[in-house]
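Here is how the chains run, residue by residue.
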Amino acid sequence: MSNTQSANQEILFKPGTLWTRIQEQTQHGLECGALQSIATDYEFVEQNGVNFLVRILSNLTRKDEAKKKQDKAAKKGKDFNPFLPYEEDLFVSNISPTHLCLLNKFNVVDNHLLIVTREFEAQENLLNYQDFQAMWACMAEIDGLAFYNGGKIAGASQRHKHLQLVPTPLAPNQTESIPIAPLFASAVFEGDIGIIPDLPFVHGFCRFDANLIDSINDAAQTTLELYYKTLQAVGLLNQNTENNDSIAYNLLATREWMFIVPRSQEHFESISVNSLGFAGGLLVRNQEQMQMLKDCNPMEVLKRVGVSNG
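In this report, the structure presented in the accompanying data block is examined. (Residues numbered from 1 in each chain as written. Predicted model: local features only at pLDDT ≥ 70, side-chain atom pairs only at ≥ 80, totals over all residues. Heavy atoms only, no water.)

## Here's the deal with the packing of helix H3 (residues 129–139) against helix H4 (residues 216–233)
Interaxial distance between H3 and H4 falls to 8 Å at its minimum, and their mutual angle equals 125°. Judged by the inter-axis angle, H3 sits oblique to H4. Between H3 and H4 the crossing geometry is right-handed. Listed contacts from H4 to Tyr129, Phe132, Gln133, Met135, Trp136 and Ala137 of H3 are Ile216, Asn217, Ala219, Ala220, Gln221, Thr223, Leu224 and Tyr227. Classifying every residue of the contact of H3 with H4 by side-chain character gives 10 nonpolar, four polar and no charged. (Axes fitted to C-alpha atoms, helices over the stretch in contact; angles between N-to-C directions. Helix = DSSP H or I, 4+ residues; strand = E, 2+ residues; numbered from the N terminus. Parallel < 35°, antiparallel > 145°, perpendicular 65-115°, else oblique. Left-handed = near helix turned anticlockwise from the far one by under 90°. Contact = heavy atoms within 4.5 Å. Nonpolar A, V, L, I, M, F, W, Y, C, P; charged D, E, K, R; others polar.)

## Considerations on the environment of Leu113
With respect to the helices, strands and loops of the structure, Leu113 is situated in strand S5 (residues 113–117). The spatial distance from the C-alpha of Leu113 to the C-alpha of Leu163 is 8.5 Å, given a sequence separation of 50 residues. Apart from residues lying up to four places away in sequence, Leu113 is in contact with Leu18, Ile22, Val92, Cys101, Leu102, Cys138, Ile142, Leu163, Gln164 and Leu165.

## Comments concerning the pattern of salt bridges
Applying the stated criterion to the full structure yields nine salt bridges. A salt bridge links Arg21 to Glu24; the nearest nitrogen and oxygen atoms lie 3.2 Å apart. In this pair, Arg21 and Glu24 both sit in helix H1 (residues 18–32), three residues apart, roughly one turn of the helix. According to the relative accessible area criterion, Arg21 is partly exposed, its value standing at 24%. With a shortest N-O distance of 3.1 Å, Lys161 and Glu121 are connected by a salt bridge. Of the two residues, Lys161 sits in the loop between strand S6 (144–150) and strand S7 (162–167) while Glu121 sits in the loop between S5 and H3, which places them 40 residues apart along the sequence. Residues participating in the shared-partner salt-bridge network are Glu121, Asp131 and Lys161. (Salt bridge = Lys/Arg side-chain N within 4 Å of Asp/Glu carboxyl O. Buried < 20%, exposed > 50% of the residue type's maximum accessible area, 1.4 Å probe, protein only.)

Encoded structure:
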């Protein structure tokens, strides 16, 4: 396979240290003002056996201002890239020769980690062995939800390739790691790739062997192979378009499974949806958007921004 990397890279942080580094850097980032957490209220909206977690963002002013600066620079023909150079006050650790991790500057969820390529690669590019190796190196330390917004239509706000990792559960005192997880029990498989009967949008689902995490390099290789199989199963790739990097999709992964959803549009009305939406975690800016979400129902919102399978 074209993206397979046979030579394994060295993991540069000492096992068992990443979580401590995140705590230390979070404290530092808050004290110096580099980390600008966005406070939220949240409520649950139940539909089809899923308790969707809907966060209401109380203050997006700073993030909106940062976005305006980026847009203004883009109009002048300049590409602003927050990862080149990255803010040293947000730096957590080197992961490998190709990847490092940073704190998410405008985080909604605590301890939100960005897994970033050292050199510029486009967010539209297909994921490769090194990306999955970096992802698994971090997931071996943090039992959480990794995700990738494959392109602007999938909710990516930066052009520089980066995966993300958030600890689970997504809300305090929840028994499920992510809200949509109960539906995964009903997955129906054809070979390695499954579908969830109750989801009204095109998707692919696969499970990981429980021992996979014991070897980061084996996990990366297995995940890469399943990634290509899943992209093909959901109609995003075929043998003739394997190098087509302009596809739009969301990828979510835990130590137990991977879930890929093709995207048709970035927004439902004024509500932006990224990978976390397909985990059952949605963001709204105000009560008006919250009401719009309730009127339409969260699953219908996901269907609209995904690709309907009915």
